[in-house]
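Commentary on secondary and tertiary structure
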Amino acid sequence: MAQIQISKVSKVFKTAERDVVALQDIELAIPQGQFVCLLGPSGCGKSTLLNAVAGFAPPSSGQIVVDGKPVEAPGPERGMVFQEYALFPWMTVADNVAFGLQIKGLPKAEIDATVARLLKMLSLGDFGNRFPKDLSGGMRQRVAIARVLALDSPIMLMDEPFGALDALTRRNLQDELLRIWSELKKTIIFVTHSIEEAIYLADRIVVMTYRPGTVKRDLAVDLPRGRDPAAPEFNALKRELGQLVMEEQQRHHHDELRMAAVD
């Protein structure tokens, strides 16, 4: 049985000029423990779909069910990691990670033990007393991931969390995330526009069409873990996915030209 069931989900944004159909009849069933990447060009509705699963932006029609319960609002079983880190700048690293646990009213000894364990897991053990402004982008994102892990949410929703990082930091954090996913058996939905990142990380890649966002291809990644981006099999899949994404980018470009002509 699917842990996350997305059924006939559509999302329409109403503007003064016209209604914009961001998502149309999305159907996905995601089992527990699967690592799914949503891939596609800007404007295909990847983040809109993720926000709907998170409970931040309910669909206009259709339904999202998590563990048998309809999603009607954000919930503790769905932890969200944003691209912008979303840390409290006035709090130390340790206090940022502890924040959700304090809200839950857990004993201080339990909070301290959990924070220490997560900081060690994410190579932040020496930075608990630092503030976000003192950290690199990669380290801030480690803190953001630790804060979500502190709540022990079985589902992690990640919206291009490594998009603003340099290539080396990005690969290091990808490897950290895969290690955490393997150890903790989380279900992950990960939004990215990077084809290589999607192949490197995912069990399954869902390619979305340009607006309205629909499922263009739902593809299992059968490559063994410890994937080598230089391997022929990796690059064959990269070319296949590149063609699918390029088709949608070209459709986006043609749509922009058509709209400009109308204006």
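Up top is the structure.
Moving on, we get to the side chain of E160. Considering the arrangement of structural elements, one finds E160 in the loop between β7 (155-159) and α5 (167-184). Buried and unpaired, E160 has K46 as its nearest opposite-charge partner, separated by 4.8 Å. Among all residues touching E160, those that are not within four sequence positions of it are Q83, V191, T192 and H193.

Quick look at helix α2 (residues 93-103) now. Of all the positions in α2, only V93, A94, N96, V97, A98, G100 and L101 are classed as buried. Directly beyond the C-terminal end of α2, a positive phi value near 80 degrees is found at G105.

Sheet strands pair by backbone hydrogen bonding; their relative direction is either parallel or antiparallel. Spatial ordering of the open sheet is given by β2-β1-β4-β5, a layout of four strands whose pairing is antiparallel. Of all strands in the sheet, those bounded by a partner on one side alone are β2 (19-30) and β5 (69-70). By the bridge criterion, five bridges tie strand β1 (residues 4-14) to strand β4 (residues 61-66) in an arrangement that is antiparallel. For S10, the partnering residue across the bridge sits in β4 and is S61.

For the rest of this paragraph, the subject is the layout of surface pockets. Each pocket or cavity is described by its volume, and for the largest pocket that value is around 530 Å³. If you trace the largest pocket, you find 23 residues lining it, with R78, G79, M80, V148 and L151 closest to the centre. Put simply, the parts of the chain that give the lining of the largest pocket at least two residues each are β6 (78-81), α2 and α4 (137-150). Examining the composition of the lining of the largest pocket, we find that four residues originate from one element, β6, more than from any other. Split into classes, the residues belonging to the lining of the largest pocket amount to 16 nonpolar, four polar and three charged.

Here we come to the packing of aromatic side chains. Going through the model one piece at a time under the given rule, you end up with six aromatic pairs. Residues F56 and F82 carry aromatic rings whose centres are separated by 6.2 Å and whose planes lie at 25 degrees to one another, so their mutual orientation is stacked. In this pair, F56 sits in the loop between α1 (46-54) and β4 while F82 sits in the loop between β6 and α2, placing the two residues 26 residues apart along the sequence. The partly exposed category is assigned to F56, whose relative accessible area is 42%. Here F82 falls in the partly exposed class, since its relative accessible area comes to 26%. Between F88 and W90, the ring centres sit 5.2 Å apart and the planes meet at 35 degrees, which makes this aromatic pair tilted. On the basis of relative accessible area, F88 is assigned to the partly exposed category, the value being 23%. Members of the aromatic cluster, connected to one another through ring pairs, are F35, F162, W181 and F190. Against the face of F88 rests R147, its NZ or CZ located 5.2 Å from the ring centre. In this structure, R171 packs its charged tip against the face of Y200, placed 4.0 Å from the ring centre.

Here is what the cut-offs are and how they apply
- Residues numbered from 1 in each chain as written.
- Predicted model: local features only at pLDDT ≥ 70, side-chain atom pairs only at ≥ 80, totals over all residues.
- Heavy atoms only, no water.
- Helix = DSSP H or I, 4+ residues; strand = E, 2+ residues; numbered from the N terminus.
- Buried < 20%, exposed > 50% of the residue type's maximum accessible area, 1.4 Å probe, protein only.
- Lys, Arg positive; Asp, Glu negative; His and termini not counted.
- Salt bridge = Lys/Arg side-chain N within 4 Å of Asp/Glu carboxyl O.
- Contact = heavy atoms within 4.5 Å.
- Pairing = 2+ DSSP bridges.
- 1 Å grid on protein atoms, 1.4 Å probe; cavity = no way out; pocket = protein on both sides within 12 Å on 5 of 7 lines; lining within 4 Å.
- Points joined across faces, edges and corners; volume = space filled by probe spheres on them.
- Nonpolar A, V, L, I, M, F, W, Y, C, P; charged D, E, K, R; others polar.
- Phe/Tyr/Trp six-rings, centres within 6.5 Å; stacked < 30°, edge-to-face > 60°.
- Lys NZ or Arg CZ within 6 Å of the ring centre and 35° of its normal.

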